[in-house]
Number of protein chains: 2
Amino acid sequence: MTPPDTLKIGLFGLGTVGQGFIRALALARNAHAEISRICVRNVAKPRRVAVNPNILTDNPDDIINDPGINLIVEVIDDPEASYRIVTRALRRGIPVVSGNKAMIARHLPELIRLQREADTALLYDASSCGSIPIIRNLEEYYDNDLLLEVKGILNGSSNYILSRVFDLGAPYAEALAEAQRLGFAEADPSFDILGFDSLFKLVIITVHALGVYVSPDDVLCQGIADISDFDISYARDKRWKIKLVAQVVKVSDTEFTLFVMPEFVSPQKYIYSVDNEYNGVVIRGECYDRQFMFGKGAGALPTASSILSDVMARRHLYRYEYKKMSYIGRPAYTRQVELLIYLRYSDPAVLEAFTFTSISERYTSATASYVIGRITIESIIAAGDTLRRHDVFVCNIPQFFLDRD
Amino acid sequence: MTPPDTLKIGLFGLGTVGQGFIRALALARNAHAEISRICVRNVAKPRRVAVNPNILTDNPDDIINDPGINLIVEVIDDPEASYRIVTRALRRGIPVVSGNKAMIARHLPELIRLQREADTALLYDASSCGSIPIIRNLEEYYDNDLLLEVKGILNGSSNYILSRVFDLGAPYAEALAEAQRLGFAEADPSFDILGFDSLFKLVIITVHALGVYVSPDDVLCQGIADISDFDISYARDKRWKIKLVAQVVKVSDTEFTLFVMPEFVSPQKYIYSVDNEYNGVVIRGECYDRQFMFGKGAGALPTASSILSDVMARRHLYRYEYKKMSYIGRPAYTRQVELLIYLRYSDPAVLEAFTFTSISERYTSATASYVIGRITIESIIAAGDTLRRHDVFVCNIPQFFLDRD
């Protein structure tokens, strides 16, 4: 297979990222890529970016069936529509660059199979950590058995909100509105706030870090929706920040765990200084200890630059080989890992839902009450209904991994 | 060309890094690589690492002429010997992984030509920034026209010394001895202290960042040998640190410059918190703004883990394509760039050697005197003799790039 002289791109989606991609591509004189066709929901909608109206269409077939198009870039919001487009394109052998983390995290095993069957590629570095090249580095550079942990702040919107609330004392609602105004938060912010965005990225990262796919439904995912002034004061008193942290960790030679959870972060940690819309990822391994990567994790142009990197990679026929999926001795996923957590509640009855191994601190007052104790990830997941329905905030105290992060 | 089932490695050098590589490889169960032969200067020398004595040799031909060996790992100190081995191996079509930055920086154009002629590969990510995957990322992920600047602390030894001297108030000689004891500094520390190690890495980085080779002889390279207590106090009073910084910067659409120089670093900068033996690199570009990569830049195991990454890449026949060297509109190297510098001296006569465009501050006292002024890189290079022979310390005040780093 010889690389194409010119990439003729069919673009799906002309929202924030799609428009950013057009701007980034215009700056890339050596890209040898052009946008042949753009599929949007509403052709007549006025756009901020100048686009030749003749290449706009609302019919996906105009791209999928066009033999002149040799690369599809898919940056639409809707995971269902994204799934239909990406799978159709892959089945036809057309390579795809996508940033849709929800779709990819849910369907990765099938998407890997389709790539193999049709001998084509799906690249999605833009799906995780905006401009930070985390997937490519895990796949290529950390392609060995030394990797022990990938841990970081993967969601720019929630981090922006936490920074405003935490560092500037802004009210939560105001910080959220500001994040939306700046284009960091989705129209439906629950995706960011409840941790799902981080979760989907973590599921994708885990495939490239350890060669194991874990369904998002099987992973502990706690967000920051229930954070209260009391929680913020509690952390501040100890000179900590609260960050929404996603992590995949080898807990032994044969097992690993992964979860998304708010975490108390002390100033000594790398991720302490990752503020606002930035993402930061710590990669820990034997021999090299810790590597830290830091960059803009949200916004049209940083994501667009990542899409551009994936597009350029197709000029050289790059594809993920999913090398670690064929490793011998891949570790197995376990939820039987004990965390030390802070659990703040208003109604004492909620405590019944949590099977603590041990409780080391109890605090009660008229305003708020909390316990600190050890509990397995499995037990937190089992209390999911209580966590969703009541005013309860859980936060990881990284004691288990104390010497590690 | 199909990838080899097993990499049979001929290893040159069994010093700190060579021994580290043997340890890292032993941890990598999925490497499918084994060390077939090791060439050392003195076969009889006792080693700390357990090696089968039957595979030791002092004759390079035992590796180069062995048809069973399909990869050479070269981690010897001597650049001349390294050059002979690497060029012989490449001519024979044997791929090589090397960490010898001095040799690579001096001979890169020839080494690129040899790779093409013999259709083989030379990988050297370990040559720059120890465990940080900077070369691979510049070559693959930042393979586009957006890149504007790569700037960082590339030498772990001098940074370790500066951290000790600066943050802990340790005397220079003591800090240097400690760096040597810990294995961060070479036996001949001038390589680190005078900035040559950073320079060689910067020359290699520039090829992969902008696609242009600049000979190390043509680049401004100022080290930290002449740093004095006065300089340290001066920086401390302003809440700055002094760091040895290497940078390559596009100064316009058509031109770039590069240089190695001590720099005053304020606490707002990413590299301010890069201490001890760590390296930190800021990659700046259009769209993605700044990316920061941080990790251990010196020591046997971090470097060995980087060698291992390059070795594993050969399982998939990876090679650098030097894509940017064929870019249209590559920028041209210029030294006609004005810096704002601090120049501390004891003998006022030295000032005659420096053609300042303008001087904004002058200070004289019995202990030390300095001027602050604007001067081109070309003019600092022209004053090289004076800089080498006299007690003069120059330090960049990053005003020109003030809004950029």
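Parameters and conventions
Residues numbered from 1 in each chain as written. Chains lettered and ligands numbered in written order. Predicted model: local features only at pLDDT ≥ 70, side-chain atom pairs only at ≥ 80, totals over all residues. Heavy atoms only, no water. Contact = heavy atoms within 4.5 Å. Buried area = accessible area lost by both parts, 1.4 Å probe. Salt bridge = Lys/Arg side-chain N within 4 Å of Asp/Glu carboxyl O. Polar contact = N/O pair within 3.5 Å; in protein donor to acceptor, adjacent residues only side chain to side chain. Helix = DSSP H or I, 4+ residues; strand = E, 2+ residues; numbered from the N terminus. Nonpolar A, V, L, I, M, F, W, Y, C, P; charged D, E, K, R; others polar. pLDDT = per-residue confidence, 0-100. Pairing = 2+ DSSP bridges.

(A) Spotlight on the interface of chain B and chain A. Chain B puts 46 residues into the contact, and the matching count from chain A is 46 residues. With both sides pooled, the region where chain B packs onto chain A buries about 4,000 Å², and carbon together with sulfur makes up 53% of that total. Broken down residue by residue, the surface that chain B buries against chain A is led by Asn 30, Tyr 141 and Cys 287 of chain B, which jointly contribute 18%. Scanning the region where chain B abuts chain A turns up 2 salt bridges. Measuring nitrogen to oxygen at the nearest pair gives 3.2 Å for the salt bridge that ties Asp 289 of chain A to Lys 296 of chain B. Taken together, the connections running from chain B to chain A amount to 19 residue pairs in polar contact (both at pLDDT 80 or more). If you list the elements that add at least two residues to the side of chain B that touches chain A, you get helix 1 (16–27), helix 5 (134–141), strand 12 (289–296) and helix 11 (300–314) of chain B. Here the side of chain B that touches chain A gets 8 residues from one element, more than from any other, and that element is strand 12 of chain B. Taken together, the residues of the side of chain B that touches chain A sort by class into 22 nonpolar, 12 polar and 12 charged.

(B) A look at the confidence of the model for chain A. Residue and element names in this part refer to chain A. Here chain A averages 92 in pLDDT, and 97% of its residues register 70 or above. In the model, residues 401–405 has pLDDT below 50 throughout and makes 18 contacts with residues more than four positions away in sequence or in other chains. The ipTM for the predicted assembly is 0.91, set against a pTM of 0.94.

(C) Quick look at the sheet that holds strand 4 (residues 71–74) of chain A. Residues and elements named next belong to chain A. Spatially, 6 strands are ordered 3-2-1-4-5-6 in an open sheet, and the strand pairing comes out parallel. The sheet is open, and its two borders are formed by strand 3 (56–57) and strand 6 (122–123), each paired with just one other strand. As paired elements, strand 1 (residues 7–12) and strand 4 share 4 bridges and run parallel to each other. In the sheet register, Gly 10 faces strand 4, and the bridge partner there is Ile 72.

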